[in-house]
Every structure is written in structure tokens, then in C-alpha cells.
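Residue-level listing of the chains:
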Amino acid sequence: MHIVFGGAFNGKRQYVREQLKDQHVDWTEGQLPDKKDAEAFIVIAGLEHWVRQQLEKGFSEQQLMEQVKSSLSQGQAQQTWVLTDLNRGIVPTERIEREMRDVLGRLYQFLFAEAKDITRIWYGIPQKIK
Amino acid sequence: MARGQLVFISGGVRSGKSAYAESVVRAAGGERKVYLASGQAHDEEMKERIERHRQDRQEDGWHTVEQAYQMDRVLENLQSNDLVLWDCVTTWLANELYEGWEKGSMCAEISGCMETKWSSLQETILDMLDTIDLLTVVSNEVLDDFVRDELYQSWLGRIHIWLVQQADQAIEMENGMAFRRK
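Bear in mind the structure is a predicted one, so any value in this text is a computation, not a measurement.

Asks: Mind showing me how you'd approach the packing of aromatic side chains here?
Replies: Aromatic ring pairs are defined here through the distance separating the ring centres and the angle between the ring planes. For the structure on display, the rule yields 10 aromatic pairs over all chains. Centroid distance Phe5 of chain A to Tyr108 of chain A: 6.2 Å. Interplanar angle 90°. Geometry classified as edge-to-face. Here Phe5 of chain A, found in strand 1 (residues 2–6), pairs with Tyr108 of chain A, found in helix 4 (residues 95–114); they are 103 residues apart in sequence, far enough to count as distant. The residues Phe5 of chain A and Tyr108 of chain A share a single accessibility class, namely buried. Their ring planes at 75° and their centres at 6.5 Å tell us that Trp118 of chain B and Trp155 of chain B sit as a pair that is edge-to-face. Taken together, the residues Trp118 of chain B in helix 4 (residues 113–131) and Trp155 of chain B in helix 5 (residues 150–166) connect sequence positions 37 residues apart. Each of the two residues, Trp118 of chain B as well as Trp155 of chain B, counts as buried. Joined through ring pairs, the aromatic side chains of Phe5, Tyr108 and Phe112 of chain A make up one cluster.

Asks: Which parts of the structure should I look at to understand the state of the cysteines?
Replies: Defined simply, a disulfide is a covalent bond joining two cysteines at their sulfur atoms. All names here are of chain B. What the rule picks out here adds up to one disulfide over all chains. Across the disulfide from Cys107 sits Cys113; the S-S distance is 2.1 Å. On the sign convention where negative is left-handed, the bridge of Cys107 and Cys113, at about -115° about the S-S bond, is left-handed. The same class applies to Cys107 as to Cys113, namely buried. Considering cysteine sulfurs only, Cys107 is the nearest to Cys88, which forms no disulfide, with 18 Å between them.

Asks: Would you mind going over unusual backbone geometry with me for this structure?
Replies: Among all residues save glycine, negative phi is the norm, and among peptide bonds the norm is trans. All names here are of chain B. Cis geometry is adopted by the peptide bond preceding Cys88, which originates at Asp87 and carries an omega value of 0°. As for its position among the elements, Cys88 is in the loop between strand 4 (82–87) and helix 3 (89–97). Notably, Arg14 is not glycine yet its phi reads approximately 60°, a positive angle. If you check the backbone angles, Gln70 has positive phi at about 45° while not being a glycine. With respect to the helices and strands, Gln70 occurs in the loop between strand 3 (62–66) and strand 4.

Asks: Could you clarify how one ought to interpret helix 2 (residues 47–56) of chain A in this entry?
Replies: Three- or four-residue spacings in an α-helix give side chains the same orientation, since the helix completes a turn every 3.6 residues. Residues and elements named next belong to chain A. Of all the positions in helix 2, only Leu47, Glu48, Trp50, Val51, Gln54 and Leu55 are classed as buried. Taken down its axis, helix 2 places every buried residue within 160° of arc, on the same side. Where helix 2 is buried, its residues contact strand 3 (41–45), helix 3 (61–72), strand 4 (79–84) and helix 4. Immediately downstream of helix 2, the backbone of Gly58 shows phi near 100°, a positive value.

Asks: Explanation requested: a negative patch on the surface in the structure shown.
Replies: Taken together, the side chains of Asp72, Glu76, Glu123, Asp127 and Asp130 of chain B define an acidic patch exposed on the protein surface. Mapped onto the elements of the fold, Asp127 of chain B is located in helix 4.

Asks: Just to check I follow, could you spell out the side chain of Ser38 of chain B for this structure?
Replies: Residues and elements named next belong to chain B. Looking at the secondary structure, you find Ser38 in the loop between strand 2 (32–37) and helix 2 (44–59). Here Trp86 takes part through its side chain, which lies 2.7 Å from a polar atom of the side chain of Ser38. Dropping the residues within four chain positions of it, Ser38 is found in contact with Gln67, Ala68, Met71, Trp86, Asp87, Cys88, Thr91, Trp92 and Asn95.

Asks: Would you mind going over the side chain of Thr64 of chain B with me for this structure?
Replies: All names here are of chain B. Structurally, the position occupied by Thr64 is in strand 3. Judged by its relative accessible area of 16%, Thr64 falls in the buried class. At 3.3 Å, the side chain of Thr64 forms a polar contact with the side chain of Arg57. Discounting chain neighbours no more than four positions away, the residues touching Thr64 are Tyr35, Arg54 and Arg57.

Asks: Help me understand the interface of chain A and chain B in this model?
Replies: Buried accessible area, meaning the area lost when the parts come together, often serves as the stated size of an interface. Contact residues are listed per partner, giving 21 residues for chain A and 24 residues for chain B. The junction of chain A with chain B conceals about 1800 Å² of combined surface from both sides, 60% of it contributed by carbon and sulfur atoms. Of all residues in chain A, Phe9, Trp122 and Tyr123 of chain A give up the largest surface area on contact with chain B, accounting jointly for 45% of the area buried on that side. Glu172 of chain B is the partner of Arg120 of chain A in a salt bridge, and the nearest nitrogen-oxygen pair spans 2.7 Å. Remark: the boundary between chain A and chain B carries eight residue pairs in polar contact (both at pLDDT 80 or more). If one sorts the elements of the side of chain A that touches chain B by residue count, helix 4 of chain A sits on top with three residues.

Analysis parameters
- Note that residues are indexed from 1 along each chain, following the sequence as it is written.
- Whichever chain is written first becomes A and whichever ligand is written first becomes 1, with later ones labelled in order.
- Thresholds applied to this predicted model are a pLDDT of at least 70 for local features of residues and 80 or more for the giving and counting of side-chain atom pairs; totals over whole chains, interfaces and linings are not thresholded and use all residues.
- Here the side-chain values reflect all heavy atoms present in the structure, with hydrogen atoms and water set aside.
- Only Phe, Tyr and Trp rings are paired, with Trp represented by its six-membered ring, and only when their centres lie within 6.5 Å; those with planes under 30 degrees apart are stacked, over 60 edge-to-face, the remainder tilted.
- Secondary structure elements are taken from DSSP: a helix is a run of H or I of four residues or more, a strand is a run of E of two residues or more, and numbering for both begins at the N terminus.
- Categorising residues by exposure relies on relative accessible area from a 1.4 Å probe, with only protein chains included: less than 20% of the type maximum marks a residue as buried, more than 50% marks it as exposed, and the intermediate range marks it as partly exposed.
- Disulfide assignment relies on a single distance test, namely cysteine sulfur atoms paired within 2.5 Å.
- Here the arc refers to the set of directions running from the helix axis out to each C-beta atom.
- Residue contacts follow a heavy-atom distance rule, with two residues in contact if any of their heavy atoms lie within 4.5 Å.
- Patches in this entry comprise residues that are over 30% relatively accessible and not in a salt bridge; like charges within 9 Å are linked, as are nonpolar side chains (Val, Leu, Ile, Met, Phe, Trp, Tyr) within 5 Å.
- Exposure was quantified through the Shrake-Rupley algorithm and a 1.4 Å probe, taking into account, for residues, occlusion by the shown protein chains and nothing else.
- By definition, a salt bridge exists where a carboxyl oxygen of Asp or Glu is found within 4 Å of a side-chain nitrogen of Lys or Arg.
- When charges are counted, Lys and Arg are positive and Asp and Glu negative, with His and the chain ends excluded.
- For charged residues, the charge sits on one atom: NZ in Lys, CZ in Arg, CG in Asp, CD in Glu.
- Between N or O atoms, a polar contact is any pair within 3.5 Å; within protein, one atom must be a potential hydrogen donor and the other a potential acceptor, and residues adjacent in sequence are included only when both atoms are from side chains.
- Summed over both partners, the accessible area lost on bringing two parts together, with a 1.4 Å probe, is the buried area.

Dropping the structure here:
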């Protein structure tokens, strides 16, 4: 599993598109992949939107973690997770955002531990950090 | 003649980016150090602060050019072999994107407005590099947080990506340490 990580609007998706340009890619935005296409490279992006939606629906952090683990166990070698860094700002005033930031931070820690490769993107420049 | 060098420096608040940028300019030697300032005074305190900074830099041998908008106008004030420090992209973008808000006709809400300004800035930077020896651009890291202003932040990301592509050196500052990314 490969993680592409960095701030918003830093060119993460562009980097992933270039890396996978000749591949059959199954790209998922703002949700976890539901179908298992064994041939495809799976890209999971916009996890923060999924986390927010799930929390708003009343799911617990534990349930989210279980779903992420379950997605990860499906064809791990072919997955790229595009993760947006939003944990370096000031504490949000809205409760849902504080909760989202905490949950997301812990999900990222889990995913970082599981990842084989991690590439950080800083304004289009890739840097291998794992 | 070879194109002037472009150095992009970005960092968080109090990361030491301005001091580092000044040291890059000093190390380049050269004939004239030009400080290109994009800040605007909105009240008396700001005016005094800007003036104080300008005097401090003057004592340190800097020539200050204030240019909050329309960066192309700066070209006529530059000389060949100048070493320029532009501080900073984030204030320039805010000035240009929100220009006209007090008249109810903000650039951000006018189709194509920011695109035109951006094309002009790109041209200006490339023209500048044909004249001067060094352009050091300072900017801020404000994209590692919740997206609060999508238009502003997406523009900033786009501008930073272009500057890094054009740059001979791109540096990320963290707590006074410079990490060379390009």
C-alpha cells in the first residue's frame, strides 16, 4: 500500500495520475472502495470527506477504523491512499471538525504504520518519507 | 545572458523564512538589494510599522519598493543585476483576489479576473528574471489545515506549484532550519 500525503492543493492527485497513467485505475473520491476489481489499481482519495459524513451519520471512531481496516485488507499491494494533511492548523471552533480532525489523525497514524511506501508532496515535489 | 536565479522559500509563521531569504540575498553579493513589499497599511499602526520596517531595511542597505497590486509596474523600478526579495505571495494574492470588495465588485467574484492577474504575474516574474540576477520569493504554509477559503487556497497552491517548477531552488523552512526540496 502506498500513501501520497501533503497539504491541500499541493498537487497530490496530479502526482498519482502521472504515476498510474498507463494503468487500469479504479479511483474513489470521498468514500471507501466498494467493489473488488482485482485487476485495477485502487486509489482512495478525499478520506476526510468520508470521515466527516460517517461521523455526521453517527458512526463511532471504532466503526470507522474497522471499515478502513477492512478496505485495506482487500488487495493491499494495489492501493494508493491520497491523504490530505489538515492537522497543522488551529483548533477548530466547530465540534464536528475537532472530532473529524482527531479521528482522521488516528486513522492516518494507523495507515502510515501499515504503508509500505509513503510519498510526501510539497507543491508538486515528491519526497519519499517511508 | 543567463536568466536570473529564482529561489522560492516557504514556511509557517515565525519559521525564520524572512531571515533566511535575506541571508540568501546577502550571500549573492551584487549591486543593489531590493525589497519588494506587498503589504498594505489598513490603519495608522500598520502604516507606522511598515515605515519602521522600511527604515530598518534602509539602514541595512535595502532599497524598498512597495507594490501591493499590479506587479508589472515594478519592472520600471528595477535595474539589471538587482537582487530582489519579494515578501510575500500570500499578501499579494489576498490584495488581488479581494480587490474591489469595498465597492461590491470583488475580483474573486468576477469571471476571469484572477486568471488575468495571474497571467500578468507569471509574465512579470519571467521578465524580471531576464533583467535581475536574483529573485527570492517568500511565502507561507497555509494549506495544512481545513480548507476555509477554497478559492484563495486553491490559487495559492497553484501559484506555489508554478513557482517551484520555475525555481532554481525551492526551500521549506521549519523552525529556522532550511530544507532544500529542489
